[in-house]
Structure formats: structure tokens, C-alpha cells
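Chain by chain, the residues run as shown.
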Amino acid sequence: MSSRFEVMTMAIQRRTSTLFIGAFLFAGCAFAGCGDPAGDGAMAMEDPPVPPTEHPPEPEPCATGAFCFDAQFGSQLQQLTLGARTTVNTAVVLSKKLVGQTVNFSIVTPIPQSDLMIEVSPASITVGDDVNIPVEVSLQVPTASAYEGGKTITLHAEAMGPAATSADSKAVTVALDPRLIVEYSGKGGMANPHTWTIPGNDPLKIGIAGQKVPTVVKLRTQGVRVSFVNKDATASHVIHCGGAIPHQPTDKPTPPNGFYSPLIQTSGSASCYDHNLESQSVAVYFQFNK
Ligand SMILES: [Cu+2]
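Sequence order as written defines the numbering, with residues in each chain counted from 1. Per-residue local features of the predicted model are confined to residues with pLDDT of at least 70, and side-chain atom pairs are confined, for both listing and counting, to 80 or more; whole-chain, interface and lining totals are unaffected and use all residues.

Colleague: I'm lost on unusual backbone geometry in this one. Help?
Modeller: It is generally the case that most residues other than glycine have a negative phi and that most peptide bonds are trans. In the segment running from Ser121 into Pro122, the intervening peptide bond is cis, with an omega of 0°. In this description a helix means any DSSP run of H or I spanning at least four residues, a strand means any run of E spanning at least two, and both kinds are numbered starting from the N terminus. Assignment of secondary structure puts Pro122 in the loop between β5 (117–121) and β6 (124–126). Although it is not a glycine, Asn257 sits at a positive phi angle of roughly 65°. To sort residues by exposure, count the other C-beta atoms lying within 10 Å of each residue's C-beta; 20 or more gives buried, 12 or fewer gives exposed, and values between give partly exposed, all with C-beta atoms placed from the backbone. Its 11 C-beta neighbours within 10 Å are what place Asn257 among the exposed residues.

Here it is in C-alpha cells:
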């Protein structure tokens, strides 16, 4: 970006100085006259003809086909956890032949839509001069999803129109750790309750509103671990839970950035709040289903 800007600046400077010299010569001619005083052309000094410079054609940025995918696509994808939203950033380089056409991006996967929520941005573009297209893929295994891991996603690119063509990236495995991470922060108390958040999502609703929309969790055969992560930078906390989630031992509070991580193996509802600072009216709610 900066180098392009520098080149532009240099070009502008060069043009400005050319204009300046031109203006100077013109002014000089107007004052003293620049014509051939003899009028026979003998004094005319013509520049020798400059041979036309052959500019080599710009190299095709994607020469191997219509679409060039990043070979590293998905390499930064970590194991997903339940409900957490994760993004994968990549880029697709398009052939110059596609300029002016519509290109669509999507994810191809055998994982059912209800088990893996996918968003691709942009989903569709009209190809302009810049054929290096950043693409962001957002992935989320809903907490109620039965997905066990082991299946793949592929980034699919498709050019529409008469020269319809398509291609796929390499396949990337979507690994899953069947764990529900819930980060909590805040000082507690009814006027200023904790916020409870599954990473990458909006805070979970609390109190009566939360009771109406509990976080529904699909229990695996081995159970599901719920990790309550203390995002309070200074204080330790104890999580008070009732129902399917056991109460955190009061003699083992969670320090900042630590976690309380019980394994849930029985179905049913559960609710939690801060043992020392809160009460049921600001609890967060869960529902575990087999
Ligand atoms: Cu308690």
C-alpha cells in the first residue's frame, strides 16, 4: 500500500516538475520569441525519434486457472468448541480473465446446516481491477449441535455468466472439542450483574429473560465439559450452580483467567450465578439434552 502510494507521489511530482518547466519555457518564448529566426528550418533541433518501448505484459496473477486459493487455507483453524464463533481469513486470487464477471464464494461441506453455521464474506462480488480478494469464513457449531468432528469444509468459488467456471480450495477438517466455554466478567450485584458470554457471541441473557432462552446443550456419550472462565482481571470468584451443573467448591475459587470446568453427564436444566455477589434473579440458564 505504502509503496504504491510512494510511486503515485513520485509520478505526481514528476508531472508537476514537467508542467513547471513547460510553463517556464512558454513564458520565456512569449517574452523573447522562440521561433526560427532564419525561417528556413536550419536551426530547428528535432529530438531523434525514440524507439517505442516494449512494456512486457503484466504477469497474470493467477495463471493456473480461474481461481488461485491460498495453500495455507484453514491452517490457523483451531479445534472448535460448542457455540463459539470462529473466523478463518484467507484470500482468493482471480484470473484477470474474470474482470467484470460475478464471482460467488461459498462453503461446501457434508456437515448438516443445523450442525455447523457458516457465513462467507463476501458471498458475491463483481470482479474489478484488484483480483486479490480477501475472504472471511465464520464457523459456529451450535451448542445444541450433534456434530462430533472429523468432517471437512472446502471453499468454493464460482464465476457466473457465459464463461461459467468453478473451483474448490483444499479440504480443511473441522475439529471439535465438545466443551462449552462461558466467559464471565463484572462485579456482580443486582444493579450491575455479571456478563456471561460464549466466545465470539453476544452476552447470554440473564434472569427471567435468560430462563426463557436457556443455552441448549447436546450431551455427548462422554458428557460435556462446561468451562466457566473468570475474565475479572483482579478478583477470584466462585460459581453457584443448581441443577445439572454442580456448585463450585467454595474453598476452590477461580483466580483471574482461571476456570471452573465441571463435566456434565446428566440431562436437565441448570442455572448459575456468582456465589458471593449475586442471586437467582441474575442467573444464567442452561438446558442439557441427550
Ligand atoms: Cu453458592
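On we go.
Colleague: What am I meant to see in the sheet that holds strand β13 (residues 215–218) here?
Modeller: Working definition: the strands of a sheet are paired by backbone hydrogen bonds and lie parallel or antiparallel to each other. For two strands to be treated as a pair, DSSP must find no fewer than two bridges joining them. Spatially, four strands are ordered β13-β19-β18-β15 in an open sheet, and the strand pairing comes out mixed. The open sheet is flanked by β13 and β15 (239–243), the only strands paired with a single partner. When the angles between neighbouring strand axes are averaged without regard to direction, this sheet yields 25°. Note: strand β18 (residues 268–274) against strand β19 (residues 284–289), five bridges, orientation antiparallel. Looking at the pairing, Ala270 lines up with Phe286 of β19. Think of each axis as a best-fit line through the C-alpha atoms, taken over the contacting stretch in the case of a helix, with angles from 0 to 180 degrees between the N-to-C directions.

Colleague: Where do I start with the sheet that holds β5 in this structure?
Modeller: What the four strands build is an open sheet, ordered β1-β3-β7-β5; its pairing is antiparallel. Each having just a single partner strand, β1 (67–69) and β5 make up the two edges of the open sheet. Strand after strand, the sheet turns through a mean of 25° between neighbouring axes, direction not considered. Sheet topology note: the strand β3 (residues 85–94)/strand β7 (residues 132–140) ladder contains nine bridges and is antiparallel. Following the sheet pairing, Val92 is matched in β7 by Ile133.

Colleague: Quick question: what am I supposed to make of the nonpolar core here?
Modeller: Defined on buried residues, the nonpolar core groups Ala, Val, Leu, Ile, Met, Phe, Trp, Tyr and Cys residues joined through C-beta atoms within 7 Å. Within the largest apolar cluster, 54 residues are counted, with the highest numbers of intra-cluster contacts made by Leu155, Val182, Ile245 and Cys272. When residues of this core are assigned to their parent elements, the largest contribution, five residues, is made by strand β11 (residues 176–185). In this document the domain limits rely on a domain assignment from an automatic tool or a database. Here this core spans two domains, and each of domain 1 (67–174) and domain 2 (178–289) adds at least three residues to it. We call two residues in contact when the distance between their C-beta atoms, placed using the backbone, is within 7 Å. Those residues in contact with Leu155 that lie beyond four places of it in its chain are Phe69, Phe73, Thr90, Phe105, Ile107, Val135, Val137, Asp168 and Ser169.

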